[in-house]
Amino acid sequence: MTLDLHADPVALTAALVDIPSVSREEAAITTAVETALRTQTSGFEVVRHGNVVLARTDRGLPTRVVLAGHLDTVPIADNVPGRFTVENGSEVLYGCGSVDMKSGDAVFLHLAATVAEPAHDLTLIFYDCEEIAAEFNGLNTIERELPEWLDADLAILGEPSGGWIEAGCQGTLRVRLSTAGVRAHSARSWLGDNAVHRLAPILARLSEYRAREVDIDGCRYREGLSAVRIEGGVAGNVVPDAAAVEVNFRFAPDRTVQQATEHVREVFAGLESEFTVTDAAPGALPGLTAPAAKGLADVVRAHGSAGIRAKYGWTDVSRFAARGIPAVNFGPGDPNLAHKRDEHVPLAQITAVTEMLRAYLEGNQ
Ligand SMILES: [Zn+2]
């Protein structure tokens, strides 16, 4: 299958959708992308590493921008090949990966071939196995074996964001709060001390809790503290001597994991007998004040069809943020349609993202 990088990115999206690329079966699409980059772009060094394709320019420009997209999809659900149709007066493309994230890939590939006078050096990263367990993610191999390919002043991930810039991401912390009591026969309950009852003040504090909202670089982050699991009970005639509630704190990226842990500890101070962190991942600051990121933000604000907002899920943006590189999600398609049988992308959004990104990469603001 030959991909035409000079074609309209809408047609290129459809061509990518028509090459099946479920995670671990990306060889064909990787080869198509590699061949197209080698034969239809100029000034790029192209490297294939497993099922990852890397390409970069080295024009000595003052800034470098990474454009990164995964080529794999979730399993196909009778939605390949893709299908164009009109819905409520607007043209859309249905198909597996049309949103997540072959339309973003198509925009990047098209711009690699057609940006005539770039204002930034470019690094393109097309990788495999993003849709399965993180340990298989193609970016892991690059981080380990070719880390210099990740260096940049700004990383743009083409994950679906409705054509908005979605910046940063919240951190997550899970804590198990255990209570201890004294076991007894429930017929003589006064001899015991009920650990489940001791959860009551913890739950009361959870329902009274006022989550914080905070603005960072113009993005509003909304925190949340929720009970996600509760355990307790021995038998129908026993006063239980142990109980636990697991809480999940989704915190804004101006807190570190340690600060988030301290905060949760303070919220429940004195109520639990054991406080155990079971899982934690840091957030990522939006980093939109960095000059390279600000340029993109200005273009998107000026375009009028889109804006800037906080990202709520966790994406590969965090990998770049952890390396001190400002990183954003910026791609066509509604993220809520990703992975769905009726996944589809409005064609106008593919065009709008291409226009905005072209203006940024050519230094027009
Ligand atoms: Zn994705």
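Residues numbered from 1 in each chain as written. Predicted model: local features only at pLDDT ≥ 70, side-chain atom pairs only at ≥ 80, totals over all residues. Heavy atoms only, no water.

> I would appreciate a short explanation of the sheet that holds strand β7 (residues 154-157) in the present structure.
As a general point, the strands of a sheet are linked pairwise by backbone hydrogen bonds and lie either parallel or antiparallel. Spatially, β1-β2-β6-β3-β7-β18-β8-β17 is the arrangement adopted by the eight strands of the open sheet, whose pairing is mixed. The sheet is open, and its two borders are formed by β1 (45-49) and β17 (308-310), each paired with just one other strand. Mean inter-strand twist for the sheet, computed between neighbouring axes without regard to direction, equals 25 degrees. Across four bridges, the pairing between strand β2 (residues 52-56) and strand β6 (residues 121-127) is antiparallel. Looking at β6, one finds that L54 is bridged to I125. (Pairing = 2+ DSSP bridges. Helix = DSSP H or I, 4+ residues; strand = E, 2+ residues; numbered from the N terminus. Axes fitted to C-alpha atoms, helices over the stretch in contact; angles between N-to-C directions.)

> Help me understand the pattern of salt bridges, please; the structure alone is not making it clear to me.
It is possible for side chains of opposite charge to pair when their charged atoms get near one another. On inspection of all chains with the given rule, the structure shows 24 salt bridges. Between R176 and E231 there is a salt bridge, with the nearest N and O atoms lying 2.7 Å from each other. Placement of the pair is R176 in strand β9 (residues 171-180) and E231 in strand β13 (residues 224-232), with a sequence separation of 55 residues. Owing to a relative accessible area of 30%, R176 belongs among the partly exposed residues under this scheme. Its salt-bridge partner being D215, residue R220 comes within 2.8 Å of it at the nearest N-O pair. When salt bridges that share partners are traced, they join E143, D316, R319 and R323 into one network. (Salt bridge = Lys/Arg side-chain N within 4 Å of Asp/Glu carboxyl O. Buried < 20%, exposed > 50% of the residue type's maximum accessible area, 1.4 Å probe, protein only.)

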